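Geometric and topological summary
Take a look at the letters that make up each chain.
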Protein chains: 2
Amino acid sequence: MQHIHAEIITIGDEILYGQITDTNSQMIATELDKIGIRVVRRTAVGDTQNAITNALKVALQIADIVIFTGGLGPTKDDITKTTLCKFFEAKLIQQPEILAHIENLFVQKGRTLNNLNRQQARFPDKAEIIWNPIGTAPGMWFTQKDKVIISMPGVPREMQCMMTETIAPKLQETFHTPFIYHKIIRTINLPESILAEKIATWEDSLPSHIKLAYLPRMGQVRMRLTATGENMTQIQAETHAEIDKVLPLIKPHVFGFDNEEIEEVTGRELAERGLTIAAAESCTGGLVAHHLTKIAGASRYFVGGIVAYDNRIKIRKLDIPEKLIRKHGAVSQEIVSLMAENIRKKYGTYLGIATSGIAGPDGGTPDKPVGTIWIAVSCESKIFTQKLQLTTDRTLNMQLTVNYLLNKVRQMAIEMEF
Amino acid sequence: MQHIHAEIITIGDEILYGQITDTNSQMIATELDKIGIRVVRRTAVGDTQNAITNALKVALQIADIVIFTGGLGPTKDDITKTTLCKFFEAKLIQQPEILAHIENLFVQKGRTLNNLNRQQARFPDKAEIIWNPIGTAPGMWFTQKDKVIISMPGVPREMQCMMTETIAPKLQETFHTPFIYHKIIRTINLPESILAEKIATWEDSLPSHIKLAYLPRMGQVRMRLTATGENMTQIQAETHAEIDKVLPLIKPHVFGFDNEEIEEVTGRELAERGLTIAAAESCTGGLVAHHLTKIAGASRYFVGGIVAYDNRIKIRKLDIPEKLIRKHGAVSQEIVSLMAENIRKKYGTYLGIATSGIAGPDGGTPDKPVGTIWIAVSCESKIFTQKLQLTTDRTLNMQLTVNYLLNKVRQMAIEMEF
């Protein structure tokens, strides 16, 4: 199958110098992906004629579609329009409809036009107008042989609006693009290399029109399947059939799909069963509670918790006997079990969860090195505990502990019978 | 002054397809900017030999330095190493030191190597090793005539570490870049436009070799001063003289410099005075405690806290009279004051802090719309409370609340006399 290829070119010094994050080209890429157009390169260049012209020449060598964003504002450093005019040997002509649109926007805001604004109504005679309902700079659509060159402003909400309302449908019509289907499997607590090993045979047997990519981050790996074909229903069915084959191999580590987050899935499993939860945190210092409460509607299952950072708080507020701490140390199965049980009882919840460990970077002993962390999940009939041996990085250790704990809660919630 | 030019090339289909935001190239651009190297282009290409090789060829036409990120993992879609080997006609040779480093990382985690991991120790004979202290994939540094080509893994924290610890200093040494001195003033709870207005006269009077950039994020604005010159001592002195002039204009909002975070500065002010603190959180759901405990050594001042998400926890565990909640609502000056006072008394600390509000996106009333949040700081002799009227964004509201609260604690700690 023939793919239609696109390049996205972002214009602006502020991107090059790292002063702002380029979210525009991600947004454009997502929209193109949805209509089966393959982005083959993304480029960011500065505000100079030379840089823009060179980028365009290079892009036309590999892409059927070149999309520019940025450099269409009214000020001196906005030179995209004049540069493209020169490239296409086009003339700028005052367009009464564009001027009327700009005047209308100004009237709405109670402002009056200056000369710079009026110049935004001058438009290349060789381009089609892409209307910008919410901003003053229209987009430009040039056609050269069988290629299309598009220029949009850099203001994200203006661009998003032009992209979804006009450009994407017009591209789909122009290029008769194939269908692309993406599905992401979200896995947790399984390193990329072990995951790859577990599913190697399955991966090798994937048909050539379904591709797999591993996207690891902070103890999670997203497995992205991308299928291409002429029939959307068929490639969706084929992708789901492949997913059905791979899931049993990695079951306990799969918590969700696409953009679902672990705290969201775990929260949903709790809410659906009417289960409530409370947290007693030592080494995670509030991060477990934060993850549970960052989801809107968390009050349906999360009632609260204690951050028992100091051992005296464990003793006085979680009723952990001092001599038990002296005997086993706060970082132990005995203590973390009691913490989970006691928070459950004290806060009157169905589940109690707890963490106790050495997050680092200091505080390790030969016996319990940095990264030794105990987690526990308690309910009336049973208790689960696990010792984790993590890294020397404090931030990562806290995050990984949250991953393990929330995934365990998710699993236990699913297993509960009513 | 002659500029050294760099191009950044990000490798990975996930960037092209818009599935993840490319924060890596922004980070690299920022680091290069700090040492006076000018990024002239940023490119993102897919996981194919052709795309990578072409991007490199094109980059070498305009750049003295080409920096790759991504595609160094252990799985099949990671092809940067073999592609660069081919380009430079280098051979992959097993490096015992790299293998030892990888084994060591695995031992720490209690895991065993598989074949994919072992292959990461194969390294091109024509490259220098850039050590990756926290990950398995080392970076590569190739030299071709007077140009440098660098390849780093795509895992953000590994790359950040390699970039600041090894690559930036090595580039500075290799290219004898002019002296650049950066100083960042960290401000909080002051919107960019108001900040700019307050310091407009000072900003206009800055000498031309000292530039100011505003970098706003989540309720904080970093003011980055960049001085360029031939004499480091002189440009440092000039920069500090400018800072001495501007600080009085924005004093209560300046919490630190450079990479200091508010939780770090606040923690230090507490620790230096031997002050202890406990938190009672409702709408922030653990985020305040998390910020305090993400700093190593937090146990010197933070003893713990209660996440009183459900009102029953406020009543039963923080002794807030139920009828007071019925009278004023949980989101009120009366309740947040009591929460701060009671956590201080119950946990036996010098300071007690509390939050109660409507984080959103739902739960607002005409009287108390989403974003209405009360904060309180209590000590034995006084109590401070403040009503915040924030946004409709849950995540942002939680973070902004933490900003306000920690900055207030910082100010109160400084004002304490002993």
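You'll find the structure just up there.
Within every chain, residues take consecutive numbers counted from 1 along the sequence as written. Written order decides the labels, with chains lettered from A and ligands numbered from 1. In keeping with the predicted nature of the model, local features appear solely for residues at pLDDT of at least 70, side-chain atom pairs appear and are counted solely at 80 or more, and the whole-chain, interface and lining totals rest on all residues. Note: side-chain values were computed over all heavy atoms of the structure, leaving out hydrogens and water.

**Points about the nonpolar core**
Formally: As used in this record, nonpolar core signifies buried Ala, Val, Leu, Ile, Met, Phe, Trp, Tyr and Cys residues forming a set joined through side-chain atoms within 4.5 Å. Each residue gets one of three labels from its accessible area relative to the maximum for its type: buried under 20%, exposed over 50%, partly exposed in between, using a 1.4 Å probe on protein chains only. Only DSSP runs of H or I reaching four residues or more are called helices, and only runs of E reaching two or more are called strands; each is numbered from the N terminus. Contact criterion: two residues are considered in contact whenever any of their non-hydrogen atoms come within 4.5 Å of each other.
Formed by 44 residues in total, the largest nonpolar core has its most connected members in Ile 306, Leu 318 and Tyr 347 of chain A together with Ile 306, Leu 318 and Tyr 347 of chain B. Looking at this core, the elements with two or more residues in it are strand S13 (277-281), strand S14 (302-308), helix H15 (333-347) and strand S16 (372-378) of chain A together with strand S13 (277-281), strand S14 (302-308), helix H15 (333-347) and strand S16 (372-378) of chain B. Ignoring any residue separated from it by four or fewer positions in sequence, one finds Ile 306 of chain B in contact with Gly 305, Ile 306 and Tyr 347 of chain A together with Ala 279, Ala 280, Glu 281, Ile 313, Lys 317, Leu 318, Ile 343 and Tyr 347 of chain B. Of all hydrophobic cores here, the second largest spans 38 residues; its members include Cys 283, Leu 388 and Val 409 of chain A together with Tyr 309 of chain B.

**Topic: the sheet that holds strand S17 (residues 383-389) of chain B**
Whenever strands of a sheet pair, they do so through backbone hydrogen bonds, lying parallel or antiparallel. For the record, the criterion: Two strands pair under a simple rule: DSSP has to find at least two bridges between them. Here an angle of 0 to 180 degrees is reported between the N-to-C directions of two axes, which are lines fitted to C-alpha atoms, with helices fitted over the stretch in contact.
The strand order across the open sheet built from 10 strands is S17(A)-S16(A)-S15(A)-S13(A)-S14(A)-S14(B)-S13(B)-S15(B)-S16(B)-S17(B), with neighbouring strands paired in mixed fashion. At either margin of the open sheet sits one strand with a lone partner, and together these are strand S17 (383-389) of chain A together with S17 of chain B. Along the sheet, successive strands turn relative to each other by an average axial angle of 10°, direction set aside. With 6 bridges joining them, strand S15 (residues 351-357) of chain A and S16 of chain A adopt antiparallel strand pairing. Residue pairing across strands places Ile 353 of chain A opposite Val 377 of chain A, the latter belonging to S16 of chain A. Against the sheet, helix H16 (residues 394-415) of chain A touches S13, S15, S16 and S17 of chain A, its axis set at about 25° to S16 of chain A.

**Some remarks on the interface of chain A and chain B**
By a widely used convention, the size of an interface equals the accessible area lost when the partners come together. Keep this limit in mind: In this description, buried area is defined as the sum, over both parts, of the accessible area (probe of 1.4 Å) that is lost when the two are combined. What counts as a salt bridge is simple: a side-chain nitrogen of Lys or Arg found within 4 Å of a carboxyl oxygen of Asp or Glu. In protein, a polar contact requires one atom able to donate a hydrogen and another able to accept it; more generally it is a pair of N or O atoms within 3.5 Å, and residues adjacent in sequence count only if both atoms are side-chain atoms. Each residue gets one label: Ala, Val, Leu, Ile, Met, Phe, Trp, Tyr, Cys and Pro are nonpolar, Asp, Glu, Lys and Arg are charged, and the others, such as Gly, are polar.
Opposite the 71 residues of chain A that make contact, chain B presents 67 residues. Across the chain A to chain B interface the summed buried area is about 5,700 Å²; carbon plus sulfur atoms make up 53%. Its largest share of buried area at the contact with chain B, chain A owes to Tyr 17, Arg 42 and Tyr 309 of chain A, together 11% of the area lost on that side. Counting every contact that joins chain A to chain B gives 1 salt bridge. The salt bridge involving Asp 393 of chain A is made with Arg 157 of chain B; its shortest N-O contact spans 2.7 Å. Along the contact surface separating chain A from chain B lie 33 residue pairs in polar contact (both at pLDDT 80 or more). Taken together, the residues that form the side of chain A that touches chain B break down as 33 nonpolar, 21 polar and 17 charged. Sheet analysis places strand S2 (residues 38-45) of chain A next to strand S2 (residues 37-45) of chain B, joined by 5 bridges and oriented antiparallel. Across the sheet, the residue bridging to Ala 44 of chain A is Arg 42 of chain B, located in S2 of chain B.

**Quick look at helix H2 (residues 24-34) of chain A**
Residue and element names in this part refer to chain A. Within H2, 9 of the 11 residues are buried, which leaves the element mostly enclosed by the surrounding structure. Looking only at H2, the buried set comprises Asn 24, Ser 25, Gln 26, Met 27, Ile 28, Ala 29, Glu 31, Leu 32 and Asp 33. With its phi angle positive at about 75°, Gly 36 sits one or two positions after the end of H2.

**Describing the sheet that holds strand S9 (residues 179-188) of chain A**
All names here are of chain A. Within the open sheet, the 4 strands sit side by side as S10-S11-S9-S12. Their pairing is antiparallel. A single partner strand is all that each edge strand has here, and the edge strands are strand S10 (210-217) and strand S12 (254-257). Going across the sheet, the axis of each strand differs from the next one's by a mean of 20°, ignoring polarity. Where S9 lies against strand S11 (residues 220-229), 10 bridges are found, and the strand directions are antiparallel. Opposite Phe 179, over in S11, you have Gly 229 as the bridge partner.

**What to know about the layout of surface pockets**
Convention followed: Points on a 1 Å grid over protein atoms alone make up a cavity when a 1.4 Å probe fits among them but cannot get out, and a pocket when they form an open set with protein on both sides within 12 Å along at least five of seven lines; lining residues each have an atom within 4 Å of a point. Grid points are joined across faces, edges and corners, and a volume is the space filled by probe spheres set on the points.
The calculated volume of the second largest pocket comes to roughly 890 Å³. If you trace the second largest pocket, you find 35 residues lining it, with Asp 13, Tyr 17, Gly 46, Asp 47 and Thr 48 of chain B closest to the centre. For the lining of the second largest pocket, the secondary structure elements donating two or more residues are S2, helix H3 (49-62), S10 and S11 of chain A together with helix H1 (13-16) and helix H3 (49-62) of chain B. Here the lining of the second largest pocket gets 6 residues from one element, more than from any other, and that element is H3 of chain B. Looking at the lining of the second largest pocket residue by residue, the classes come out as 16 nonpolar, 10 polar and 9 charged.

**What about the packing of helix H11 (residues 262-273) of chain B against helix H16 (residues 394-415) of chain B?**
Residues and elements named next belong to chain B. Stated precisely, the cut-off is as follows: Angle categories are assigned with fixed cut-offs, so that under 35 degrees is roughly parallel, over 145 is roughly antiparallel, 65 to 115 is roughly perpendicular, and the rest are oblique. Left-handed describes a crossing whose near helix is turned anticlockwise from the far helix through less than a right angle; right-handed describes the clockwise counterpart.
Remark: H11 packs on H16, axes separated minimally by 9 Å, with the N-to-C direction vectors making an angle of 30°. Considering the angle they form, H11 stands roughly parallel to H16. By crossing handedness, the relation of H11 to H16 is classed as left-handed. Facing H11, whose interface residues are Ile 262, Glu 263, Val 265, Thr 266, Glu 269, Leu 270 and Arg 273, H16 presents Asn 403, Leu 406, Asn 407, Val 409, Arg 410, Ala 413 and Ile 414. Of the residues belonging to the contact of H11 with H16, the class tally is 7 nonpolar, 3 polar and 4 charged.

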